[in-house]
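The lines below spell out each chain.
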Amino acid sequence: MKRFIGADREQTMLMPYDLGDWLPESHLARFVVEIVDKLNFNDIYSQYKGVGSTPYDPKMLLSLIFYGYSTGIFSSRKIENATYDSVAFRFIAGNHHPDHDTISTFRKRFLTEIKGWFKEILLIGKELGVVKMGNIHIDGTKVQANASKHKAMSYEYMKNLEKQLEEEISKLLDIADKQDEQDRKVELDIPEEIQRRKDRIQKIKEAQEVVKMRAEERYQKEKEEYDRKMQKREDHEKRTGKKPRGRSPKAPNDKPNEKDQYNFTDPQSRIMKTQGGFNQCYNGQAAVNEDMLIVGAYCNNHVNDKQEYIPTIDSVPQRLGKITNAVADTGYFSETNIEQCEKRNIKPIISTAREKHNSYLEEVLSTECEKEEASSPVEKMNQILKSKEGRQLYKKRKQTVEPVFGIIKEVLGFRRFSLRGEFETDCEWSLVCIGYNLKRMFKLAMQ
(Lines give C-alpha, C1' and ligand atoms only; values in the text may rest on other atoms or scores of the structure.)
Protein backbone atom coordinates (compact mmCIF):
# COMPACT_ATOMS: atom_id res chain seq x y z
CA MET A 1 0.00 0.00 0.00
CA LYS A 2 1.35 3.39 -1.00
CA ARG A 3 1.92 5.98 1.71
CA PHE A 4 1.57 9.77 1.37
CA ILE A 5 2.62 12.72 3.46
CA GLY A 6 -0.54 14.65 4.32
CA ALA A 7 -1.15 18.19 5.59
CA ASP A 8 -1.77 18.27 9.35
CA ARG A 9 -3.44 21.67 9.63
CA GLU A 10 -4.32 21.20 13.30
CA GLN A 11 -0.73 20.73 14.43
CA THR A 12 0.58 23.53 16.63
CA MET A 13 4.06 24.89 15.98
CA LEU A 14 6.44 27.54 17.22
CA MET A 15 7.22 30.03 14.43
CA PRO A 16 10.27 32.34 14.55
CA TYR A 17 9.66 35.61 16.42
CA ASP A 18 12.24 37.48 14.31
CA LEU A 19 10.97 38.27 10.81
CA GLY A 20 14.57 38.14 9.66
CA ASP A 21 14.60 34.39 10.27
CA TRP A 22 11.81 33.95 7.73
CA LEU A 23 13.96 35.01 4.77
CA PRO A 24 17.32 33.67 3.57
CA GLU A 25 20.24 36.04 3.91
CA SER A 26 20.63 36.30 0.11
CA HIS A 27 17.14 37.55 -0.77
CA LEU A 28 16.05 40.39 -3.08
CA ALA A 29 13.83 41.88 -0.36
CA ARG A 30 16.83 42.37 1.94
CA PHE A 31 18.81 43.94 -0.92
CA VAL A 32 15.98 46.41 -1.72
CA VAL A 33 15.76 47.48 1.95
CA GLU A 34 19.53 47.99 2.10
CA ILE A 35 19.55 50.12 -1.06
CA VAL A 36 16.62 52.27 0.13
CA ASP A 37 18.39 52.83 3.47
CA LYS A 38 21.30 54.36 1.53
CA LEU A 39 19.08 56.91 -0.27
CA ASN A 40 18.91 60.52 0.91
CA PHE A 41 15.52 61.10 2.53
CA ASN A 42 16.12 64.54 4.08
CA ASP A 43 13.82 66.33 1.59
CA ILE A 44 11.17 63.61 1.98
CA TYR A 45 11.09 63.77 5.77
CA SER A 46 10.95 67.59 5.71
CA GLN A 47 7.57 67.40 3.93
CA TYR A 48 5.95 65.69 6.91
CA LYS A 49 4.63 68.28 9.39
CA GLY A 50 4.36 65.94 12.38
CA VAL A 51 0.69 66.61 13.07
CA GLY A 52 -2.26 64.24 12.90
CA SER A 53 -1.97 60.47 13.00
CA THR A 54 1.48 58.89 12.92
CA PRO A 55 2.43 58.19 9.28
CA TYR A 56 4.26 55.14 7.97
CA ASP A 57 7.99 55.55 7.43
CA PRO A 58 8.58 56.72 3.81
CA LYS A 59 11.51 54.30 3.56
CA MET A 60 9.22 51.37 4.30
CA LEU A 61 6.59 52.50 1.76
CA LEU A 62 9.22 53.11 -0.90
CA SER A 63 10.78 49.69 -0.26
CA LEU A 64 7.36 48.08 -0.73
CA ILE A 65 6.86 49.89 -4.06
CA PHE A 66 10.39 49.12 -5.30
CA TYR A 67 10.12 45.45 -4.37
CA GLY A 68 6.68 45.30 -5.98
CA TYR A 69 7.99 46.70 -9.28
CA SER A 70 11.01 44.37 -9.08
CA THR A 71 8.75 41.33 -8.86
CA GLY A 72 5.98 42.37 -11.27
CA ILE A 73 3.45 43.66 -8.72
CA PHE A 74 2.51 47.19 -9.79
CA SER A 75 -0.96 47.62 -8.26
CA SER A 76 -1.19 49.26 -4.81
CA ARG A 77 -4.04 46.90 -3.93
CA LYS A 78 -1.91 43.87 -4.78
CA ILE A 79 0.99 45.28 -2.75
CA GLU A 80 -1.35 45.69 0.24
CA ASN A 81 -2.56 42.10 -0.13
CA ALA A 82 1.03 40.88 -0.44
CA THR A 83 1.86 42.26 3.02
CA TYR A 84 -0.48 39.54 4.31
CA ASP A 85 0.30 36.75 1.83
CA SER A 86 4.03 37.14 1.08
CA VAL A 87 6.82 36.60 3.59
CA ALA A 88 9.07 39.01 1.65
CA PHE A 89 6.51 41.84 1.66
CA ARG A 90 5.71 41.15 5.34
CA PHE A 91 9.44 41.40 6.11
CA ILE A 92 9.76 44.75 4.28
CA ALA A 93 6.64 46.14 5.98
CA GLY A 94 7.80 44.93 9.40
CA ASN A 95 4.52 43.10 9.94
CA HIS A 96 2.54 46.29 9.20
CA HIS A 97 -0.15 46.42 6.52
CA PRO A 98 -0.43 49.88 4.92
CA ASP A 99 -3.64 50.09 2.91
CA HIS A 100 -3.62 50.53 -0.87
CA ASP A 101 -4.76 54.16 -0.64
CA THR A 102 -1.71 55.02 1.50
CA ILE A 103 0.64 53.31 -0.96
CA SER A 104 -1.00 54.93 -4.00
CA THR A 105 -1.01 58.40 -2.40
CA PHE A 106 2.67 58.07 -1.47
CA ARG A 107 3.59 57.11 -5.04
CA LYS A 108 1.70 60.09 -6.52
CA ARG A 109 2.94 62.52 -3.87
CA PHE A 110 6.63 61.81 -4.52
CA LEU A 111 6.38 61.18 -8.25
CA THR A 112 8.87 63.96 -9.06
CA GLU A 113 11.51 62.38 -6.79
CA ILE A 114 11.56 59.12 -8.76
CA LYS A 115 13.92 60.46 -11.47
CA GLY A 116 16.39 61.44 -8.75
CA TRP A 117 16.12 58.03 -7.07
CA PHE A 118 16.82 56.35 -10.41
CA LYS A 119 20.16 58.17 -10.72
CA GLU A 120 21.00 57.83 -7.02
CA ILE A 121 20.53 54.04 -7.10
CA LEU A 122 22.85 53.80 -10.12
CA LEU A 123 25.52 55.77 -8.23
CA ILE A 124 25.10 53.45 -5.23
CA GLY A 125 25.54 50.54 -7.65
CA LYS A 126 28.75 52.12 -8.92
CA GLU A 127 30.07 52.29 -5.34
CA LEU A 128 29.18 48.62 -4.91
CA GLY A 129 31.07 47.80 -8.11
CA VAL A 130 28.09 46.45 -10.05
CA VAL A 131 27.48 49.44 -12.36
CA LYS A 132 30.16 49.93 -15.01
CA MET A 133 30.27 52.24 -18.00
CA GLY A 134 31.78 51.99 -21.46
CA ASN A 135 29.55 51.00 -24.35
CA ILE A 136 25.83 51.71 -24.17
CA HIS A 137 23.06 50.26 -26.33
CA ILE A 138 20.00 52.39 -27.08
CA ASP A 139 16.50 51.33 -28.02
CA GLY A 140 12.87 52.21 -27.44
CA THR A 141 9.68 50.27 -26.82
CA LYS A 142 6.04 51.23 -27.18
CA VAL A 143 4.05 50.80 -23.94
CA GLN A 144 0.28 50.99 -23.98
CA ALA A 145 -1.21 54.11 -22.40
CA ASN A 146 -3.97 54.05 -19.83
CA ALA A 147 -6.43 54.95 -22.58
CA SER A 148 -8.31 53.18 -25.35
CA LYS A 149 -7.57 53.90 -29.00
CA HIS A 150 -11.35 53.89 -29.51
CA LYS A 151 -11.46 57.15 -27.53
CA ALA A 152 -9.25 58.80 -30.15
CA MET A 153 -10.63 60.98 -32.93
CA SER A 154 -8.95 62.04 -36.16
CA TYR A 155 -8.82 65.68 -37.27
CA GLU A 156 -10.95 64.86 -40.30
CA TYR A 157 -13.60 63.14 -38.16
CA MET A 158 -13.60 66.11 -35.74
CA LYS A 159 -14.51 68.49 -38.56
CA ASN A 160 -17.25 66.18 -39.85
CA LEU A 161 -18.67 65.60 -36.37
CA GLU A 162 -18.64 69.32 -35.58
CA LYS A 163 -20.63 69.98 -38.76
CA GLN A 164 -23.06 67.16 -37.88
CA LEU A 165 -23.64 68.49 -34.35
CA GLU A 166 -24.28 72.01 -35.65
CA GLU A 167 -26.88 70.62 -38.07
CA GLU A 168 -28.52 68.69 -35.21
CA ILE A 169 -28.71 71.86 -33.13
CA SER A 170 -30.44 73.63 -36.04
CA LYS A 171 -32.97 70.78 -36.30
CA LEU A 172 -33.63 70.88 -32.56
CA LEU A 173 -34.22 74.65 -32.73
CA ASP A 174 -36.68 74.13 -35.61
CA ILE A 175 -38.52 71.47 -33.57
CA ALA A 176 -38.68 73.86 -30.62
CA ASP A 177 -40.17 76.62 -32.82
CA LYS A 178 -42.81 74.28 -34.31
CA GLN A 179 -43.62 72.95 -30.87
CA ASP A 180 -44.36 76.48 -29.65
CA GLU A 181 -46.56 77.17 -32.69
CA GLN A 182 -48.53 73.91 -32.54
CA ASP A 183 -48.65 73.79 -28.73
CA ARG A 184 -47.75 70.10 -28.63
CA LYS A 185 -45.05 68.23 -26.73
CA VAL A 186 -42.17 66.24 -28.19
CA GLU A 187 -40.56 63.42 -26.22
CA LEU A 188 -37.25 65.29 -26.01
CA ASP A 189 -35.74 67.67 -23.49
CA ILE A 190 -34.74 70.07 -26.27
CA PRO A 191 -32.74 72.59 -24.16
CA GLU A 192 -30.77 69.73 -22.59
CA GLU A 193 -30.11 68.10 -25.99
CA ILE A 194 -28.94 71.42 -27.46
CA GLN A 195 -26.64 72.10 -24.50
CA ARG A 196 -25.17 68.60 -24.68
CA ARG A 197 -24.25 69.14 -28.33
CA LYS A 198 -22.82 72.58 -27.63
CA ASP A 199 -20.61 71.06 -24.92
CA ARG A 200 -19.36 68.42 -27.36
CA ILE A 201 -18.64 71.06 -30.00
CA GLN A 202 -16.63 73.02 -27.41
CA LYS A 203 -14.55 69.95 -26.54
CA ILE A 204 -14.01 69.20 -30.23
CA LYS A 205 -12.86 72.78 -30.87
CA GLU A 206 -10.39 72.50 -27.98
CA ALA A 207 -9.11 69.21 -29.41
CA GLN A 208 -8.70 70.81 -32.84
CA GLU A 209 -6.60 73.60 -31.33
CA VAL A 210 -4.33 71.02 -29.71
CA VAL A 211 -3.95 69.19 -33.03
CA LYS A 212 -3.09 72.48 -34.75
CA MET A 213 -0.45 73.26 -32.13
CA ARG A 214 1.07 69.82 -32.60
CA ALA A 215 1.11 70.36 -36.37
CA GLU A 216 2.94 73.66 -35.88
CA GLU A 217 5.54 72.02 -33.63
CA ARG A 218 6.01 69.23 -36.17
CA TYR A 219 6.33 71.79 -38.97
CA GLN A 220 9.09 73.68 -37.14
CA LYS A 221 11.15 70.49 -36.71
CA GLU A 222 10.57 69.33 -40.28
CA LYS A 223 11.35 72.84 -41.59
CA GLU A 224 14.75 72.79 -39.86
CA GLU A 225 15.55 69.41 -41.41
CA TYR A 226 14.25 70.59 -44.82
CA ASP A 227 16.36 73.78 -44.73
CA ARG A 228 19.43 71.76 -43.73
CA LYS A 229 18.97 69.35 -46.67
CA MET A 230 18.34 72.18 -49.15
CA GLN A 231 21.43 74.02 -47.94
CA LYS A 232 23.48 70.84 -48.35
CA ARG A 233 22.21 70.42 -51.95
CA GLU A 234 22.97 74.06 -52.71
CA ASP A 235 26.51 73.76 -51.31
CA HIS A 236 27.08 70.61 -53.37
CA GLU A 237 25.95 72.37 -56.57
CA LYS A 238 28.23 75.36 -55.90
CA ARG A 239 31.18 73.09 -55.16
CA THR A 240 30.81 70.69 -58.10
CA GLY A 241 28.77 72.70 -60.59
CA LYS A 242 26.37 69.76 -60.87
CA LYS A 243 22.93 69.24 -59.47
CA PRO A 244 22.76 66.72 -56.62
CA ARG A 245 21.41 63.25 -57.37
CA GLY A 246 17.95 62.21 -56.28
CA ARG A 247 14.74 64.11 -55.86
CA SER A 248 14.64 67.45 -54.12
CA PRO A 249 13.18 67.09 -50.59
CA LYS A 250 9.50 67.88 -50.24
CA ALA A 251 8.66 71.07 -48.37
CA PRO A 252 6.81 70.40 -45.07
CA ASN A 253 3.21 71.39 -44.52
CA ASP A 254 2.22 73.50 -41.50
CA LYS A 255 -1.41 72.34 -41.60
CA PRO A 256 -2.75 69.37 -39.59
CA ASN A 257 -3.01 66.08 -41.45
CA GLU A 258 -6.47 64.58 -41.81
CA LYS A 259 -5.32 61.52 -39.83
CA ASP A 260 -3.80 63.48 -36.91
CA GLN A 261 -5.55 62.21 -33.79
CA TYR A 262 -6.55 63.35 -30.30
CA ASN A 263 -7.46 61.01 -27.44
CA PHE A 264 -10.11 62.31 -25.06
CA THR A 265 -9.09 59.95 -22.20
CA ASP A 266 -5.36 60.73 -22.25
CA PRO A 267 -4.81 63.63 -24.68
CA GLN A 268 -1.01 63.43 -24.42
CA SER A 269 -0.79 59.80 -25.57
CA ARG A 270 -0.44 58.94 -29.27
CA ILE A 271 -1.48 56.23 -31.69
CA MET A 272 1.67 54.16 -32.36
CA LYS A 273 2.43 51.08 -34.38
CA THR A 274 3.19 48.02 -32.24
CA GLN A 275 3.62 44.31 -32.92
CA GLY A 276 -0.08 43.88 -32.14
CA GLY A 277 -1.21 46.65 -34.50
CA PHE A 278 -1.91 50.32 -33.78
CA ASN A 279 -2.49 51.21 -30.12
CA GLN A 280 -2.65 54.24 -27.85
CA CYS A 281 0.89 54.33 -26.47
CA TYR A 282 3.87 56.15 -25.03
CA ASN A 283 7.47 55.61 -26.17
CA GLY A 284 9.83 54.32 -23.45
CA GLN A 285 13.55 54.86 -24.15
CA ALA A 286 16.47 53.15 -22.44
CA ALA A 287 20.27 53.12 -22.58
CA VAL A 288 21.68 49.78 -21.39
CA ASN A 289 25.28 48.92 -20.54
CA GLU A 290 26.94 45.61 -21.36
CA ASP A 291 25.86 44.15 -17.99
CA MET A 292 22.22 44.68 -19.02
CA LEU A 293 21.66 47.49 -16.52
CA ILE A 294 19.54 50.47 -17.55
CA VAL A 295 21.82 53.48 -17.11
CA GLY A 296 19.56 56.05 -18.79
CA ALA A 297 15.81 56.15 -19.29
CA TYR A 298 12.86 58.41 -20.00
CA CYS A 299 9.48 58.25 -21.72
CA ASN A 300 7.57 60.59 -24.02
CA ASN A 301 4.87 60.59 -26.70
CA HIS A 302 7.14 60.83 -29.77
CA VAL A 303 6.23 58.28 -32.39
CA ASN A 304 9.60 58.37 -34.17
CA ASP A 305 12.87 57.30 -32.50
CA LYS A 306 15.14 59.43 -34.69
CA GLN A 307 15.06 62.42 -32.35
CA GLU A 308 15.55 60.27 -29.20
CA TYR A 309 19.19 59.25 -29.72
CA ILE A 310 20.88 62.29 -28.19
CA PRO A 311 18.34 62.77 -25.32
CA THR A 312 18.84 59.12 -24.35
CA ILE A 313 22.62 59.61 -24.22
CA ASP A 314 22.11 62.78 -22.15
CA SER A 315 19.84 60.88 -19.72
CA VAL A 316 22.85 58.83 -18.55
CA PRO A 317 24.31 60.47 -15.38
CA GLN A 318 27.79 61.83 -16.15
CA ARG A 319 29.03 60.74 -12.71
CA LEU A 320 28.66 57.10 -13.76
CA GLY A 321 31.66 57.40 -16.07
CA LYS A 322 32.58 57.98 -19.69
CA ILE A 323 30.54 56.53 -22.55
CA THR A 324 32.77 55.00 -25.24
CA ASN A 325 30.33 53.91 -27.97
CA ALA A 326 26.58 54.54 -28.34
CA VAL A 327 24.96 51.75 -30.37
CA ALA A 328 21.48 51.97 -31.91
CA ASP A 329 19.43 50.52 -34.76
CA THR A 330 18.46 52.20 -38.02
CA GLY A 331 15.48 54.01 -36.48
CA TYR A 332 17.93 56.41 -34.80
CA PHE A 333 20.12 57.18 -37.81
CA SER A 334 20.53 60.79 -38.92
CA GLU A 335 23.49 62.98 -39.76
CA THR A 336 22.54 65.35 -36.95
CA ASN A 337 22.68 62.51 -34.40
CA ILE A 338 26.15 61.52 -35.62
CA GLU A 339 27.43 65.10 -35.40
CA GLN A 340 25.96 65.71 -31.93
CA CYS A 341 27.30 62.40 -30.65
CA GLU A 342 30.82 63.14 -31.87
CA LYS A 343 30.68 66.58 -30.18
CA ARG A 344 30.21 64.69 -26.90
CA ASN A 345 33.39 62.68 -27.65
CA ILE A 346 31.32 59.52 -28.03
CA LYS A 347 31.66 57.21 -31.01
CA PRO A 348 28.24 56.63 -32.66
CA ILE A 349 27.43 53.21 -34.09
CA ILE A 350 24.04 53.40 -35.78
CA SER A 351 22.75 51.06 -38.46
CA THR A 352 21.94 52.79 -41.74
CA ALA A 353 19.48 50.13 -42.95
CA ARG A 354 17.41 47.26 -41.64
CA GLU A 355 19.33 44.11 -40.84
CA LYS A 356 18.96 41.17 -43.20
CA HIS A 357 17.80 37.88 -41.71
CA ASN A 358 20.04 34.81 -42.05
CA SER A 359 23.05 36.95 -43.00
CA TYR A 360 25.59 35.12 -40.80
CA LEU A 361 27.51 33.49 -43.69
CA GLU A 362 27.68 36.78 -45.58
CA GLU A 363 29.17 38.50 -42.51
CA VAL A 364 31.74 35.75 -41.95
CA LEU A 365 32.90 35.72 -45.58
CA SER A 366 32.98 39.51 -45.93
CA THR A 367 36.42 41.11 -45.85
CA GLU A 368 37.42 44.16 -43.93
CA CYS A 369 35.94 47.40 -45.29
CA GLU A 370 37.78 49.23 -47.99
CA LYS A 371 40.23 51.91 -46.97
CA GLU A 372 38.85 54.41 -49.50
CA GLU A 373 37.88 57.79 -48.14
CA ALA A 374 34.13 57.88 -47.46
CA SER A 375 32.42 61.00 -48.75
CA SER A 376 29.15 60.96 -46.79
CA PRO A 377 28.13 60.16 -43.18
CA VAL A 378 26.18 57.14 -44.45
CA GLU A 379 29.25 55.70 -46.18
CA LYS A 380 31.42 56.37 -43.11
CA MET A 381 28.93 54.62 -40.86
CA ASN A 382 28.69 51.68 -43.27
CA GLN A 383 32.48 51.33 -43.12
CA ILE A 384 32.37 51.22 -39.33
CA LEU A 385 29.58 48.64 -39.35
CA LYS A 386 31.44 46.43 -41.84
CA SER A 387 34.58 46.39 -39.72
CA LYS A 388 35.12 43.49 -37.32
CA GLU A 389 34.95 45.76 -34.26
CA GLY A 390 31.81 47.51 -35.52
CA ARG A 391 30.04 44.22 -36.24
CA GLN A 392 30.86 42.87 -32.77
CA LEU A 393 29.63 46.03 -31.04
CA TYR A 394 26.40 46.22 -33.03
CA LYS A 395 25.72 42.51 -32.51
CA LYS A 396 25.72 43.01 -28.73
CA ARG A 397 22.62 45.20 -29.03
CA LYS A 398 20.53 42.05 -29.39
CA GLN A 399 22.13 40.64 -26.24
CA THR A 400 21.64 43.73 -24.05
CA VAL A 401 18.86 46.24 -24.64
CA GLU A 402 16.41 43.99 -26.48
CA PRO A 403 16.36 41.29 -23.75
CA VAL A 404 15.84 44.05 -21.14
CA PHE A 405 12.57 45.08 -22.79
CA GLY A 406 11.62 41.41 -23.06
CA ILE A 407 12.13 40.93 -19.31
CA ILE A 408 10.17 44.09 -18.44
CA LYS A 409 7.21 43.12 -20.62
CA GLU A 410 7.16 39.32 -20.48
CA VAL A 411 8.72 38.42 -17.11
CA LEU A 412 7.67 41.37 -14.96
CA GLY A 413 4.49 41.79 -17.02
CA PHE A 414 4.59 45.58 -17.45
CA ARG A 415 2.69 46.25 -20.66
CA ARG A 416 0.43 49.18 -19.70
CA PHE A 417 0.90 52.39 -17.74
CA SER A 418 -1.23 53.00 -14.66
CA LEU A 419 -0.88 56.78 -14.80
CA ARG A 420 -1.95 59.27 -17.48
CA GLY A 421 -0.08 62.21 -18.95
CA GLU A 422 3.43 62.57 -20.40
CA PHE A 423 5.08 63.68 -17.15
CA GLU A 424 3.35 60.99 -15.10
CA THR A 425 4.21 58.17 -17.50
CA ASP A 426 7.81 59.40 -17.72
CA CYS A 427 8.10 59.04 -13.93
CA GLU A 428 6.34 55.67 -13.95
CA TRP A 429 8.73 54.40 -16.67
CA SER A 430 11.65 55.44 -14.44
CA LEU A 431 10.00 53.51 -11.59
CA VAL A 432 9.76 50.43 -13.80
CA CYS A 433 13.43 50.80 -14.72
CA ILE A 434 14.34 51.14 -11.02
CA GLY A 435 12.49 47.89 -10.31
CA TYR A 436 14.33 46.12 -13.12
CA ASN A 437 17.71 47.57 -12.08
CA LEU A 438 17.32 46.50 -8.43
CA LYS A 439 16.67 42.93 -9.50
CA ARG A 440 19.59 42.98 -11.95
CA MET A 441 21.97 44.66 -9.47
CA PHE A 442 21.07 42.02 -6.87
CA LYS A 443 21.95 39.25 -9.30
CA LEU A 444 25.26 40.91 -10.24
CA ALA A 445 26.13 41.46 -6.56
CA MET A 446 25.50 37.78 -5.81
CA GLN A 447 27.90 36.59 -8.52
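Note that the structure is a prediction, hence the values are computed from the model and not measured.

*Asks:* I keep staring at the nonpolar core and nothing clicks. Help me out?
*Replies:* A general feature of soluble globular proteins is that nonpolar side chains tend to end up buried together. Counting 93 residues, the largest nonpolar core has Phe66, Ile294, Tyr309, Ile313 and Trp429 as its most contacted members. Sort the elements by how many residues they give to this core and helix α16 (residues 422-446) lands first, with eleven residues. Not counting the four nearest positions on each side in its chain, Ile294 is found in contact with Phe118, Leu122, Ala286, Ala287, Val288, Val404, Ile408, Cys433, Tyr436 and Asn437. Counting 15 residues, the second-largest nonpolar core is a separate cluster that includes Tyr155, Ile169, Ile201 and Ala207.

*Asks:* I'm lost on the pattern of salt bridges in this one. Help?
*Replies:* Oppositely charged side chains may form a pair once their charged atoms are brought near each other. Applying the stated criterion across every chain yields a total of 19 salt bridges. Salt-bridge contacts for Arg196 lead to Glu193; the nearest nitrogen and oxygen are separated by 2.8 Å. Placement of the pair is Arg196 and Glu193 together in helix α9 (residues 190-240), with a separation of three residues, close to one helical turn. On the accessibility criterion, Glu193 (18% relative accessible area) is buried. One salt bridge in this structure joins Lys232 and Glu335, with 2.7 Å as the shortest N-O distance. One end of the pair, Lys232, is in helix α9; the other, Glu335, is in helix α11 (residues 335-343), with 103 residues separating them in the sequence. Assessed through its relative accessible area of 42%, Lys232 is described here as partly exposed. Residue classification places Glu335 among the buried positions, given a relative accessible area of 18%.

*Asks:* Before we go on, may I ask you to explain the layout of surface pockets in this structure?
*Replies:* By rolling a water-sized probe across the atoms, one finds the places where empty space is left. Estimates place the volume of the second largest pocket at around 1,200 Å³. Of all elements in the fold, only β1 (136-144), β4 (270-274), β5 (277-288) and α15 (401-411) reach the threshold of two or more residues within the lining of the second largest pocket. Across the lining of the second largest pocket, the residue classes break down as seven nonpolar, 13 polar and 14 charged.

*Asks:* What is the right way to read the packing of aromatic side chains from this model?
*Replies:* Ring pairs (aromatic) are described by centroid distance and by the angle formed between their planes. Applying the stated criterion to the full structure yields 14 aromatic pairs. Ring plane angle 75 degrees and centroid distance 5.3 Å describe the contact between Phe74 and Phe414, whose orientation is recorded as edge-to-face. Taken together, the positions of Phe74 in the loop between α3 (58-70) and α4 (76-85) and Phe414 in the loop between α15 and α16 put the pair 340 residues apart, joining distant regions of the chain. For the pair Phe74 and Phe414, a shared accessibility class is recorded, and that class is buried.

Reading the values: rules and limits
In this numbering scheme, every chain counts its residues from 1 along its sequence in written order. Local features in a predicted model are, by the rule used here, given only for residues with pLDDT of at least 70; side-chain atom pairs are given and counted only at 80 or more, and totals for whole chains, interfaces and linings are based on all residues. Note: side-chain values were computed over all heavy atoms of the structure, leaving out hydrogens and water. Definition of nonpolar core: a set of buried residues of the types Ala, Val, Leu, Ile, Met, Phe, Trp, Tyr and Cys, connected through side-chain atoms within 4.5 Å. Only protein chains enter the calculation, and the probe is 1.4 Å; a residue is then buried if its accessible area is under 20% of its type maximum, exposed if over 50%, and partly exposed in between. Only DSSP runs of H or I reaching four residues or more are called helices, and only runs of E reaching two or more are called strands; each is numbered from the N terminus. Residue contacts are defined here by distance: any two heavy atoms, one from each residue, within 4.5 Å place the two residues in contact. The rule for a salt bridge is simple: a side-chain nitrogen of Lys or Arg has to be within 4 Å of a carboxyl oxygen of Asp or Glu. Any residue with an atom within 4 Å of a point lines the site, the site being either a cavity, points on a 1 Å grid over the protein atoms alone where a 1.4 Å probe fits but cannot get out, or a pocket, an open set with protein on both sides within 12 Å along at least 5 of 7 lines. Grid points are joined across faces, edges and corners, and a volume is the space filled by probe spheres set on the points. Side-chain classes follow a simple rule in which Ala, Val, Leu, Ile, Met, Phe, Trp, Tyr, Cys and Pro form the nonpolar group, Asp, Glu, Lys and Arg form the charged group, and the remainder, Gly included, forms the polar group. Each pair of aromatic rings taken from Phe, Tyr and Trp, with Trp reduced to its six-membered ring, is defined by centres within 6.5 Å and is described as stacked if the planes are under 30 degrees apart, edge-to-face if over 60, and tilted in the remaining cases.

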